[in-house]
Amino acid sequence: MVVELGRRAALAALLTAGLVAGSGAAAARTGAQPTAPAPGGRDAGGPLAGPRPPASLLGSEIRRLPTSRKVIALTFNAAWDEAGVDTVLAELRRRKLPATFFPTGQFAEAHPAAVRALGAAHGLGNHSYSHPYFGEISTAERAEEVRRADAAIRTASGTEPLPFFRFPYSSTTRQSVADVNDLGYAAIEFTADTNGYLGPDGGMTVDEAVERAVDAFTPGAIIQMHVGSNGDGVVLDAEALPLIVDAAQADGYEVIDLRAFLSAPASPAAGGAR
């Protein structure tokens with residue numbers, strides 16, 4: 001209770017002050033750099049040709065990273081327009097922080113320059129090609145969605161995408177998770193979504209988006225945000241990002257790179273399907 005009161009007090013102070021700059025504390029990073037796509041990428045009938053996720057990330061959806069350290073991971077989905085991309089990248093660059101971006105294949109085809117900029121600085125996951133409900137399509141259709149997205153992301157970014165898949169709408173089933181695992185992907189979901197993507201028209205504010213993230217802080221928490229807007233040009237998560245980082249650092253958390261978990265040994269974890 002004391003820790004929770006302290007956390008909420010720190011958050012309230014940050015929101016009241018309207019901080020947009022952080023302490024500049026260094027975050028744990030892997031130092032991984034984008035690489036050229038592997039020849040052929042994923043073949044037509046099997047798993048990816050590049051890095052494979054460790055066994056600790058397979059078998060269920062991951063909603064908290066397998067670590068007991070006081071760390072969080074920042075992630076962004078990209079499925080609409082480019083609004084907020086430059087703002088988010090500039091803030092991450094200023095603070096020297098890592099994040100992971102999950103574009104759809106259609107986003108990569110429509111906004112290749114944005115995807116190239118994202119991939120030049122951060123890891124790129126796979127968010128399907130056309131963003132369907134995976135529980136409503138067949139195994140073959142799921143494979144097509146994943147492979148088409150992979151090809152589009154590779155072409156746009158010029159980098160090797162990560163073996164991390166995020167389900168559209170976070171709609172997972174045991175079979176759909178098994179299907180993406182069979183394709184060579186870990187199913188990386190999230191501990192909390194800020195709901196910033198709803199925007200002001202959906203009843204959300206920057207303060208509420210920040211509070212949803214802060215309430216989810218726990219060792220290994222994965223925070224989901226979004227770049228792009230639903231047409232109004234407002235990206236609440238771009239505004240919330242510096243406040244979320246400030247709150248994390250005030251609470252003793254480091255922001256880490258999901259790429260660290262490509263080679264990390266299994267440790268006390270909480271993933272699992274819900």
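What counts and how
Residues numbered from 1 in each chain as written. Predicted model: local features only at pLDDT ≥ 70, side-chain atom pairs only at ≥ 80, totals over all residues. Heavy atoms only, no water. Axes fitted to C-alpha atoms, helices over the stretch in contact; angles between N-to-C directions. Helix = DSSP H or I, 4+ residues; strand = E, 2+ residues; numbered from the N terminus. Parallel < 35°, antiparallel > 145°, perpendicular 65-115°, else oblique. Left-handed = near helix turned anticlockwise from the far one by under 90°. Contact = heavy atoms within 4.5 Å. Buried < 20%, exposed > 50% of the residue type's maximum accessible area, 1.4 Å probe, protein only. Pairing = 2+ DSSP bridges. Phe/Tyr/Trp six-rings, centres within 6.5 Å; stacked < 30°, edge-to-face > 60°. Lys NZ or Arg CZ within 6 Å of the ring centre and 35° of its normal. Salt bridge = Lys/Arg side-chain N within 4 Å of Asp/Glu carboxyl O. pLDDT = per-residue confidence, 0-100. Lys, Arg positive; Asp, Glu negative; His and termini not counted. Polar contact = N/O pair within 3.5 Å; in protein donor to acceptor, adjacent residues only side chain to side chain.

**Examining the packing of helix α2 (residues 85-95) against helix α8 (residues 236-250)**
Next, step 1: At a minimum axis distance of 8 Å, the contact between α2 and α8 shows a crossing angle of 25 degrees. Relative to α8, the element α2 lies roughly parallel. The hand of the α2/α8 crossing is right-handed. Facing α2, whose interface residues are Thr87, Val88, Glu91, Leu92 and Arg95, α8 presents Ala238, Leu241, Pro242, Val245, Asp246 and Gln249.

**Remarks on the pairing of strand β1 (residues 71-78)**
Next, step 1: Counting buried residues along β1, eight of its eight residues qualify, which places the element largely inside the surrounding structure.
Next, step 2: The side-chain alternation of β1 yields two buried faces, one formed by Val71, Ala73, Thr75 and Asn77 and the other by Ile72, Leu74, Phe76 and Ala78.
Next, step 3: Where β1 and strand β8 (residues 254-255) come together, two bridges link them in parallel fashion. By the bridge assignment, Ile72 is partnered in β8 with Val255.
Next, step 4: The pairing of β1 with strand β2 (residues 100-103) spans four bridges and is classified as parallel. Residue Ala78 lies in a different strand from β2, and its bridge partner there is Pro103.

**What to know about the environment of Pro112**
Next, step 1: As for its placement among the helices and strands, Pro112 is situated in helix α4 (residues 112-121).
Next, step 2: According to the relative accessible area criterion, Pro112 is partly exposed, its value standing at 39%.
Next, step 3: Along the backbone, Pro112 and Gly158 are 46 residues apart, and their C-alpha atoms lie at a distance of 9.8 Å.

**Structural notes on the packing of aromatic side chains**
Next, step 1: Applying the stated rule across the entire model yields eight aromatic pairs.
Next, step 2: Relative to Tyr185, the ring of Phe165 has its centre 6.4 Å away and its plane inclined at 75 degrees; by these criteria the two rings are edge-to-face. One end of the pair, Phe165, is in strand β4 (residues 164-165); the other, Tyr185, is in the loop between α6 (174-182) and β5 (186-187), and 20 residues separate them in sequence.
Next, step 3: Residue classification places Phe165 among the buried positions, given a relative accessible area of 0%.
Next, step 4: Here the aromatic residues Phe134, Phe165, Phe167 and Tyr185 are joined through ring pairs into a cluster of three or more.
Next, step 5: When the ring centre of Tyr129 is taken as origin, the NZ or CZ atom of Arg148, which lies over that ring, is 3.7 Å away.
Next, step 6: The residue whose ring lies beneath Arg166 is Phe102, and the NZ or CZ to ring-centre distance is 4.3 Å.

**Considering the pattern of salt bridges**
Next, step 1: In total, this model carries nine salt bridges according to the counting rule given.
Next, step 2: Asp179 is paired through a salt bridge with Arg142; the nearest N and O atoms lie 2.6 Å apart. Remark: Arg142 occurs in helix α5 (residues 139-157) and Asp179 occurs in helix α6; sequence separation between them is 37 residues. With respect to burial, Asp179 and Arg142 carry one shared label: buried.

**Focus: the confidence of the model for the protein**
Next, step 1: Mean pLDDT over the protein: 85, with 79% of residues reaching 70 or higher.
Next, step 2: Contacts for the low-pLDDT stretch residues 12-44, under 50 throughout, to residues beyond four places or in other chains number 71 contacts.
Next, step 3: Taken together, the stretch residues 266-274 has pLDDT below 50 and engages in 26 contacts with residues farther than four places along the chain or on a different chain.

**A few points about the environment of Leu89**
Next, step 1: Mapping Leu89 onto the fold places it in helix α2.
Next, step 2: Residue Leu89 is classed as buried on the basis of its relative accessible area of 9%.
Next, step 3: Leu89 sits 10 residues away from Ala99 along the chain, and the two C-alpha atoms are 9.3 Å apart.
Next, step 4: Discounting chain neighbours no more than four positions away, the residues touching Leu89 are Phe101, Ala117, Leu118 and His122.

**A look at the side chain of Glu189**
Next, step 1: Relative to the helices and strands, Glu189 resides in the loop between β5 and β6 (192-193).
Next, step 2: An unpaired buried charge is present at Glu189: no salt bridge exists, and Arg63, the closest side chain of opposite charge, is 4.2 Å distant.
Next, step 3: At 2.8 Å, the side chain of Glu189 and the side chain of Ser170 are in polar contact.
Next, step 4: For Glu189, the residues in contact, after removing those within four places along its chain, are Glu61, Ile62, Arg63, Phe165, Arg166, Phe167, Ser170, Thr172 and Ile222.

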